[in-house]
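Listed below, chain by chain, are the residues.
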Amino acid sequence: MEKIALVTGSARGIGRQTAARLAQSGWAVCINYLVHREEAEALALELKDKGCRVMVEQADVASRADVDRMVRAVEQEFGPVSLLVNNAGVAGQMLFQDVTEEQWNRYFGVNLNGAFHTIQAVLPNMIHEKEGCIINTSSIWGQRGASCEVVYSATKAAVIGLTRSLAMELGPSHIRVNCVAPGVIDTDMLSVLPEETRRDLAAQTPLGRLGTPADIAGLVAFLASDEASFITGQVITADGGFIV
């Protein structure tokens, strides 16, 4: 299969860095966004100027119709998706008793159903070709849990279960399914926290710093490469030792 990647939620943060890393490594990349069109288009322009093959598609991964439309567009522009990176996600802090049904459904709609929709959309061609790679994004909070982030942690724990089970199911078709579990990463999501809290989180990290989007992008690029051809069903934590 040709090297064609779809990275969801790739206008900003980890997704943006991942899309750029893959594009500069020879992948044709679809940059997906929900509302941050300017950032997505600016990234595409920057990468095209470097000779990369990229396209931009707006889609809400919580919507199967949106996802199906996006995947069809990628197939028409580049061909079948051979690498799917499920990066789109929503997060936030709230007391569990204050969680509304709307918030619960939205978190699961994006963080878990989004992966369900995208995987089902790209899987037929992968199975036909007996080749493909799927990389899901979980979190250390999906591994350990976090106070005041119950909904987010629940969705990310579910992503881990999805990854491990799907890897077993798709292994005979030579499709690898892995999961990255980022720690505390310095993105826009973290910028809402007070500087004192950010310093405290860095101090709690054995390596003494917050993670960067590039740290996670490098891991994704490795898992997508031939060097990781015997790795599947794994949840790889990149957190500077935060939950050791």
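Structural data are supplied above this passage.
A quick note: this is a predicted structure, and the numbers were derived from the prediction, not measured. (Residues numbered from 1 in each chain as written. Predicted model: local features only at pLDDT ≥ 70, side-chain atom pairs only at ≥ 80, totals over all residues. Heavy atoms only, no water.)

On to the nonpolar core, then. Among the nonpolar cores identified, the biggest contains 30 residues, and Leu-22, Val-29, Ile-31, Leu-47, Val-54, Leu-83 and Ile-135 are the most heavily contacted of them. Taken together, the elements giving at least two residues each to this core come down to β1 (4–7), α1 (13–23), β2 (28–33), α2 (37–49), β4 (83–86), β5 (132–137) and α10 (213–224). No other element matches the six residues that α10 contributes to this core. Contacts of Leu-83, omitting those with residues within four sequence positions, involve Ile-4, Ala-5, Leu-6, Leu-22, Trp-27, Met-126, Cys-133, Ile-135 and Ala-224. (Core = buried A, V, L, I, M, F, W, Y, C linked by side-chain atoms within 4.5 Å. Buried < 20%, exposed > 50% of the residue type's maximum accessible area, 1.4 Å probe, protein only. Helix = DSSP H or I, 4+ residues; strand = E, 2+ residues; numbered from the N terminus. Contact = heavy atoms within 4.5 Å.)

Strand pairing in a sheet relies on backbone hydrogen bonds, with the paired strands running either antiparallel or parallel. Sheet architecture is open: seven strands sit in the order β3-β2-β1-β4-β5-β6-β7, paired in parallel fashion. With partners counted over all chains shown, the strands left at the sheet margins are β3 (54–58) and β7 (235–238), one partner each. Neighbour to neighbour, the strand axes of the sheet diverge by 20° on average, direction disregarded. The pairing of β2 with β3 spans five bridges and is classified as parallel. Note on β3: the bridge partner recorded for Val-29 is Val-54. (Pairing = 2+ DSSP bridges. Axes fitted to C-alpha atoms, helices over the stretch in contact; angles between N-to-C directions.)

Let us look at the environment of Gly-211. Checked against the element boundaries, Gly-211 lands in the loop between α9 (195–204) and α10. Since its relative accessible area comes to 12%, Gly-211 is described here as buried. C-alpha separation for the pair Gly-211 and Ile-127, spaced 84 residues apart in sequence, amounts to 35 Å. Once residues within four sequence positions are removed from consideration, Gly-211 is found in contact with Val-184, Ile-185 and Asp-186.

The next thing to look at is a negative patch on the surface. Together, Glu-129, Glu-131, Asp-226 and Glu-227 give the surface a local cluster of negative charge. Within the secondary structure layout, Glu-131 lies in the loop between α5 (113–129) and β5. (Patch = residues over 30% accessible without salt bridge, like charges linked within 9 Å, V, L, I, M, F, W, Y side chains within 5 Å. Areas by Shrake-Rupley, 256 points an atom, 1.4 Å probe, with all protein chains shown as cover. Salt bridge = Lys/Arg side-chain N within 4 Å of Asp/Glu carboxyl O. Lys, Arg positive; Asp, Glu negative; His and termini not counted. Charge placed at Lys NZ, Arg CZ, Asp CG, Glu CD.)

A word on the environment of Gly-15. On the secondary structure map, Gly-15 appears in helix α1. Residue contacts for Gly-15: discarding those within four places in its chain leaves Val-7, Gly-9, Ser-10 and Asn-87.

Moving on: the packing of α1 against α10. Axis separation between α1 and α10 bottoms out at 8 Å; the angle between their running directions is 45°. The orientation of α1 with respect to α10, classified from their angle, is oblique. The hand of the α1/α10 crossing is right-handed. Every residue of α10 that contacts α1 at Gly-13, Ile-14, Gln-17, Thr-18, Arg-21 and Leu-22 is listed here: Pro-213, Ala-214, Ile-216, Ala-217, Gly-218, Val-220, Ala-221 and Ala-224. (Parallel < 35°, antiparallel > 145°, perpendicular 65-115°, else oblique. Left-handed = near helix turned anticlockwise from the far one by under 90°.)

So, about α5. The end-to-end C-alpha distance of α5 is 25 Å, a good match for the 24 Å that 17 residues give at a rise of 1.5 Å each. At Leu-123, α5 shows its strongest bend, of approximately 45°, with the proline Pro-124 following within four residues. Within α5 the residues assigned to the buried category are Gly-114, Ala-115, His-117, Thr-118, Ile-119, Ala-121, Val-122, Leu-123 and Met-126. In this structure, the buried side of α5 is in contact with α3 (64–77), β4, α4 (101–111), β5, α7 (150–170) and β6 (175–182). Positive phi shows up at Lys-130, right after α5, with a value of about 55°. (Expected span 1.5 Å × (residues − 1). Bend = angle between axes of the 7 residues up to and from the residue.)

The subject of this paragraph is the side chain of Thr-187. Mapped onto the secondary structure, Thr-187 falls in the loop between β6 and α8 (188–191). Given a relative accessible area of 16%, Thr-187 falls into the buried group.

Tallied over the full model, the rule gives two aromatic pairs. With a centroid separation of 4.8 Å and 35° between ring planes, the pair formed by Trp-104 and Phe-108 is classed as tilted. Linking Trp-104 with Phe-108, this pair stays in helix α4, spanning four residues, or about one helical turn. On the accessibility criterion, Phe-108 (18% relative accessible area) is buried. Look at Trp-141 and Phe-242: their rings are 5.8 Å apart centre to centre, the planes differ by 90°, and that puts the pair in the edge-to-face class. With Trp-141 in helix α6 (residues 140–144) and Phe-242 in the segment after β7, this pair connects stretches of sequence that are 101 residues apart. The exposure class assigned to Trp-141 is buried, which follows from its relative accessible area of 16%. The residue whose ring lies beneath Arg-64 is Phe-116, and the NZ or CZ to ring-centre distance is 4.9 Å. (Phe/Tyr/Trp six-rings, centres within 6.5 Å; stacked < 30°, edge-to-face > 60°. Lys NZ or Arg CZ within 6 Å of the ring centre and 35° of its normal.)

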